Structures are given as structure tokens and as C-alpha cells.
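What follows is each chain in one-letter form.
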Amino acid sequence: MKRLTWFALAITLIATGFASKTPYQAVLQHSRIRGRPHGPNVCAMQNIQGTDKKYFTNCKQWYHRKICGKPTVVSYECCPGYEKVIGEKGCPAALPLVNIYKTLGVVGATTTKMYSERANLQEEIEGPGSFTFFAPSNEAWAALPTEILDALVSNVNIELLNALHYHMINKRLTSDDLKHGTSFSSMYQDFDVHIHHYSNGIVTVNCARLVKTDQHATNGIVHVVDRVITAITNNVNSLIDTDDDLDTLRTAVAAAGLTSLLENEGSYTIFAPTNEAFEKIPPETLTRILGDPVSLKDLLNYHILKNLHCSESIVAGTPLETLQGTVLEVGCNGEEMTINGKAIVTQRDKLGTNGVIHYVNELLIPDSAKTLLELAEGSVVTASKLFKDAGLTDHLIGSEAVTLLAPLNDAFKDKSLAMTPDMKKLLRNHILKEKFSSKSLYHGQELETLGGLKLRVFVFRNRLCIENACIAAHDKNGRFANMFIVDKLLTPPMGTVMDVLKADDRFSTLVGAIQRAGLTELLNEKGAYTFFAPTNAAFSAMPPELANLLRYHIGEEFLVSSAVTSHTRMKPLTGDKLELGLNSTLYVNRVPVVEADLMATNGVVHAVDVIVKPRPTSNRDPTQYQNSFSYKSNKKKLIVILLENVNKLINKTE
């Protein structure tokens, strides 16, 4: 008991230690662990091939060997605060502790050191005090537009000095102190610098990434950043107001009543559609959305994330929640920032006091602002064309509260797409008279269609189906109506099981056999049967026990083909279980079904060309026992190893 108590305490202390680390420290620790074989204080770095971008590596990046979708090369460098010693392995020596001015040279920020001397800042950062200096790297100064750099260096005593002071805070702040969402007064007119510390270990100041952190000095600390930062004085609404490229967005924000939101305190990310983005969508769609306050507000909120995300924080695709309530997948592809996989961001990181703006050249329209037709055209192209050809467009673009059952494009393979009267009638029965959510459907529910039919809902263990068509994707919730994407074209029930058999010439022999066996009444009465119906081809000889044979073909429950898995079992009216499988074709006791889902009011018919016979009980796959033995053996070994390691840890703790 004592051992278990010590073991639990050890685990708790370890877990607490990990939990207390900042995301940056956790990533740094992972880099140190990966670099440990190369000597003390060595960190593994991942460099994106073809660029100068390097990152301390987290576990996911290490195994994927990719950042922003691009391959990386692993290098091993001294961890922050350490340096190499000639003839010794790794980085055994701590960097000498000198003042900030000299530290700038030690960490490679030589351009910042040079400009500090020119602006007469050297004496201040050599003297007493306790400062934090966010020092732009040499590459950051080189990337600065020429006109801005010229303006700074032509007036070093004012402009350059002010710019450098804006990179400084009048106290020592380590990476642990740089909490997400915090702001600190800079040494330039107390203008704030804004810190964001992301869960992947990235830390930014005014959206500039910290590339070298915690470089300690006698009078402060230096963090090297990847760009020159500028003072932030306006909120995001002011930034939109003063940009001619965002004229249409400005008008839309005012019409939707979102101006005050973008003026108030907050921490938002706005993917701001440019005038060009609005011009790309059809005029009638734009007019409809701008004229509908609900759609317009949903549209704009879909462009706003609940939290602030600088572009430098994105190293992989991540679903991020919008104010509209759904998510956008924000990712990157090399240097390009992507939205839902598309590189549509044209300008990044325009920072305001209450958020950041990234410009996009395409409008992001959420489902909640779309008509049924727009929902269908975006995902089920074949079905949307057929609904239009059937003259149902008015139901798809209006404000009716209906639900569209839209088959996948693959559902029309090997099917005639001719717009016959029967096809028109069938498509009308793919539109339900009410607006439903799939979450509200229940087994046995009846749904009325525009064509006047009642369709049944069937809930299986793994599928939710309306008649033979099963829901294949999440609901699409439009402005007025919803869409269920289903896996096949609907087959409404046309009479009882007996009616279905009588109407199909392939079952003429079967119908006679059913009548002779006295099963007609059973197949006409109310119920929920699954009949694996032998076609004429299956009756090459009349079996002696006809009634029992036919009863073995009838399951006691209702099952459409899409609800069958690889190990589905069904009890027939007579005999042992039926074994069902699905591998592009439906099988029953290894007999292929030649046509599935002939729907009836009291069941479903699946046609087979061979009489279904019981499976021999001894005919089992011998590898099944081998796999079982192997699994049990490996499981036993794993348990033994686990217990040994636990005992070792307990003994160490004691």
C-alpha cells in the first residue's frame, strides 16, 4: 500500500511539473530531450527547407518533419544561454553575463546593436536598470521596406530612437512572464506592446515571433524577434474605416450593426474581405445577403475568430471557432496563410488595439447565409442540376422551411439522368415539408414530402436512414432550410413485400412458391421484414421443405443495405442466424445480392440469384485462432513489462 502511495505521489508531481510549464517551455524541453545525445545543453531545431525559418521542435513536428506543409531539416544548436567550448561535446558553457548592448552582439542581433549606437541608445542599455529588449534580428531589418528604413536612419535622434524605445520595456520579462493576451507599456510614450503566447509554443509581440528568447544580461533580458514592430494606436474598426480597399466591408459592418463590437475591447481575428472579394460573387447573391440582416450578420461573423491569431502562430491546419458559431480551418502552406485549405490571404498581421486583420480576396459565405440551391451546388452538383431540371428551383431559393434529401454524386452512377415524369415525381419526394435536424429524427418517425408521400425514419446502430437512403454527412443548415446529404437515390415503398414481389417478373417462381407454402398472408401483414428473395434463376430445382426454406430467407427485423457492416448478423424466421457483409456488394451467407433495397410498406426485399443455405458451423477461418492466440500472448507480455517498469519506479521513489 505504501509503495502505491509513493507511486501515485510521484506521478502527481511529474504531472504537476509538466502542467506548470508554459507552452514555450514545454516545446523547449522537447527540443532539449531530442538534442541530448549530441551533448549537454543542445537543442534540436527544425529549419524549413529553402528558408531561414527555424523552430524549436514539438513532438508532432518532430515526427511529421513538416512545418506549414513543407519538409524540415533538423539541426542541433546550443540552447538559449549556452555556448560551445572548443574540444568539448555539446554546449557546456553558460554565455557570459554582460550588459544588453554587448548581449545584442552575442545573440547575433548586430544590426540592432549598430542602430542602438547610432541613436545614442548605447549608454542607456549599458548602464543601470532592468530592461526587456525585443531586438529585431538582422533579417528583420533587411526585410523592412526601403522608404521606412530611410525615414528611420535619416532622423536617428528622434525616429530611430523612438522606434528602438518601442521595442523596450522598463522591467525584466522572461518568456514565462509573457502570458497570452497581456500588454506591457513600452518605453516610447507608454504605448503598449501586445503579447500572445500560443499553445504550440509560439510567442509573439505585436505579431512578431520570438526566435531567440531569454538571453539574460546584467541589466535586463533580450528576446530576438523576426520583424521590426511599430506602435499600435487604433482599434480594428478604425483600421477598416481608413482603408479604401475595405469600402464594401465598412458599409456591410455598419449595416449589420457590428461597428460597436469592433470598437470595444476584445481580442479578435478578422479575415477582412477586400472590395475585390465582394465583386467575385454573383450580384444576385450579394444583393440577397446585403438585403437580409440575419444573413449579413452571419456572413460577417463567419469572418471573425473569437481569439487573436497572428500569422506566425500558424504552423499547421487548426479548426478555429468564429463568432458565427462554426469553425474555419486556418493553416499555412509554406509562406502562404490558408483558410479552409485555400491561399486567399493577401496581407497579414495588421494589428489593432483589440485584434488583428488579415486581408482575404475571396468572400467566405457560411451555410447559414445560403439558400438550399447554393448549399447543393457547393457539394452535390449532379443532384442540384437534376432538381433544377425538374422545375423545383423555387423551392430551393425561397424562404420555405423545408429539408432537402440530396444524394451524393456517386449515387447517380449507372443511372439514367433523363428527366422523365417518374424522375420528376421521385425528386419531389426528396423534399420534406418541414425543416428538420438529423439530431431530432427518431426510429419509426414519418416525414411528409412535397410529393405527398410519407417516408419512414430507421435508426440503426451505425446509420440513420430515411427509407433506403442513409445520411452520409453532417447536416447543411441554410438560411431558411436544411439539407441532408444521403448516400443514394430514395426508393419510396410501393406496397407490401408481397406486392413488390408480384410486380417484378424476376420473382414469378418465388411468388408461386410462397403461395404453395402458405406464406402469402405473412408477407402482406403489418411488420418489418427483410426478405432475401430468390429470383427465378435460383429455383433450378424445387426443394423438399419449401416453407422452412423460404422462412430462412426472411429476417425478423428491417435492414437496408447501407446499415450492413462487415459483421452484421440477423435472425431468420426459421433456422440459424444469417451472416451479412458489405464489400461494394451486399452478401448474405456469402451469396451476393443482385439488387438491394426494394422497399415495401412492411419491409424490404433484397434479390438473390442463389438459394441461401445455412453456413457450416465448422467452416471458420483458422487464422482467427492464430490471431487470438497472438493477441493474448502479446497482451500478456505487455502486462509483464508494464508491471516491471512500475516496480522499478516504485523502488526508485522509495
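The rules behind the values
Residues numbered from 1 in each chain as written. Predicted model: local features only at pLDDT ≥ 70, side-chain atom pairs only at ≥ 80, totals over all residues. Heavy atoms only, no water. Helix = DSSP H or I, 4+ residues; strand = E, 2+ residues; numbered from the N terminus. Rg over C-alpha atoms; globule rule 2.2 N^0.38 Å. Buried < 20%, exposed > 50% of the residue type's maximum accessible area, 1.4 Å probe, protein only. Contact = heavy atoms within 4.5 Å. Areas by Shrake-Rupley, 256 points an atom, 1.4 Å probe, with all protein chains shown as cover. Lys, Arg positive; Asp, Glu negative; His and termini not counted. Charge placed at Lys NZ, Arg CZ, Asp CG, Glu CD. Disulfide = S-S within 2.5 Å. Core = buried A, V, L, I, M, F, W, Y, C linked by side-chain atoms within 4.5 Å. Pairing = 2+ DSSP bridges. Salt bridge = Lys/Arg side-chain N within 4 Å of Asp/Glu carboxyl O. Phe/Tyr/Trp six-rings, centres within 6.5 Å; stacked < 30°, edge-to-face > 60°. Lys NZ or Arg CZ within 6 Å of the ring centre and 35° of its normal. UniProt positions renumbered as here; feature names shortened; annotations may be inferred. Arc of directions from axis to C-beta. Domains from an automatic or database assignment. Patch = residues over 30% accessible without salt bridge, like charges linked within 9 Å, V, L, I, M, F, W, Y side chains within 5 Å.

(A) Local environment of the overall build of the protein. Helix and strand content of the protein: 24 helices and 35 strands. In terms of overall dimensions, the protein is more spread out than a globule: its C-alpha atoms have a radius of gyration of 34 Å, far above the 26 Å expected for 654 residues. Seen through its principal axes, the protein has C-alpha atoms that stretch 110 × 70 × 45 Å. Counting the 654 residues in the protein, one finds 46% classified as buried. Long-range pairs, those at least 24 residues apart, make up 61% of the contacts in the protein with a sequence separation of at least 6. Per element, the accessible surface of the protein, about 32100 Å² overall, is 52% carbon and sulfur. A gap of 11 Å separates the mean positions of the 67 positive and 68 negative side-chain charges of the protein.

(B) Examining the state of the cysteines more closely. Evaluation of the coordinates by the stated rule reveals 5 disulfides. Between Cys68 and Cys332 runs a disulfide, and the two sulfur atoms are separated by 2.1 Å. Its S-S torsion of about -90 degrees marks the bond between Cys68 and Cys332 as left-handed, since a negative value means left-handed. Taken together, the positions of Cys68 in the loop between strand E3 (66-67) and strand E4 (70-78) and Cys332 in strand E17 (residues 327-333) put the pair 264 residues apart, joining distant regions of the chain. With respect to burial, Cys68 and Cys332 carry one shared label: buried. In this model, Cys465 is linked to Cys470 through a disulfide, with the two sulfur atoms separated by 1.9 Å. As the torsion about the S-S bond is roughly 85 degrees, the Cys465-Cys470 disulfide counts as right-handed.

(C) Fine view of the nonpolar core. Core analysis: the biggest nonpolar cluster contains 48 residues, and Val205 and Val330 have the highest contact counts within it. The residues contacting Val205, other than those within four sequence positions of it, are Phe134, Val193, His194, Ile195, Leu210, Val225 and Ile229.

(D) Spotlight on the sheet that holds strand E10 (residues 192-197). Within the open sheet, the 7 strands sit side by side as E8-E7-E13-E12-E11-E10-E9. Their pairing is mixed. Sheet topology places strand E8 (168-169) and strand E9 (183-185) at the edges, where each strand pairs with a single neighbour. Bridge analysis of strand E7 (residues 131-136) against strand E13 (residues 220-225) gives 6 bridges, and the strand direction is parallel. When the bridges of E13 are listed, Phe133 appears paired with Val222.

(E) Expanded view of the pattern of salt bridges. Under the counting rule described, the total for this entry stands at 25 salt bridges. Between Asp247 and Arg250 there is a salt bridge; the shortest N-O distance is 2.3 Å. Taken together, the residues span about one helical turn, with Asp247 and Arg250 both in helix H11 (residues 247-255) at a distance of 3 residues. A salt bridge links Lys388 to Glu377, with the shortest nitrogen-to-oxygen separation between them at 3.2 Å.

(F) Quick look at the packing of aromatic side chains. Counted according to the given criterion, the structure contains 5 aromatic pairs. Centre to centre, the rings of Tyr24 and Phe56 are 6.1 Å apart; their planes meet at 70 degrees, and the pair counts as edge-to-face. Placement of the pair is Tyr24 in helix H2 (residues 23-35) and Phe56 in strand E2 (residues 54-56), with a sequence separation of 32 residues. For the pair Tyr24 and Phe56, one class covers both residues: buried. These aromatic residues form a ring-pair network of at least three members: Phe458, Phe460 and Phe558. One Lys or Arg, Arg209, reaches over the ring of Tyr55 and ends 4.0 Å from the middle of that ring.

(G) Broad picture of the UniProt feature "domain: FAS1" (unreviewed entry) in the protein. In this numbering, the UniProt entry assigns the feature "domain: FAS1" (unreviewed entry) to residues 94-229, 233-364, 366-490 and 494-612. Taken end to end, residues 94-229 comprises 33% helix and 27% strand; its first and last C-alpha atoms sit 30 Å apart.

(H) Representation of the pairing of strand E32 (residues 578-583) within the structure. Pairing of strand E31 (residues 568-570) with E32, which is carried by 3 bridges, proceeds in the antiparallel orientation. Each residue of the ladder has a partner; that of Arg569, found in E32, is Glu579. Here E32 pairs with strand E33 (residues 585-588) via 4 bridges, running antiparallel. Within E33, the position partnered with Leu580 by the bridge is Val588.

(I) Looking closely at unusual backbone geometry. The residue Asn206 is not glycine, and still its phi comes out positive at about 50 degrees. The exposure class assigned to Asn206 is buried, which follows from its relative accessible area of 7%. For Asp214, which is not a glycine, the phi torsion comes out positive at approximately 55 degrees.

(J) Focus on helix H14 (residues 283-290). Among the residues of H14, Thr285, Leu286 and Ile289 are the ones counted as buried. Seen from one end, H14 has its buried residues packed into an arc of 95 degrees, which puts them on one side. Looking at H14, the residues exposed on the side facing more than 90 degrees away from the buried face are Pro283, Glu284 and Thr287. Contacts made by the buried residues of H14 are with helix H13 (275-280), helix H15 (293-301) and helix H16 (372-377).

(K) A look at the domain arrangement of the protein. The assigned domain composition of the protein is domain 1 (23-93), domain 2 (96-225), domain 3 (236-365), domain 4 (370-486) and domain 5 (497-608). Put simply, the middle of domain 1 and the middle of domain 5, counted by C-alpha atoms, are 65 Å apart.

(L) Focus on a negative patch on the surface. A cluster of acidic residues, Asp52, Glu139, Glu335 and Glu336, forms a negative patch at the surface. Within the secondary structure, Glu139 is located in helix H7 (residues 138-142).

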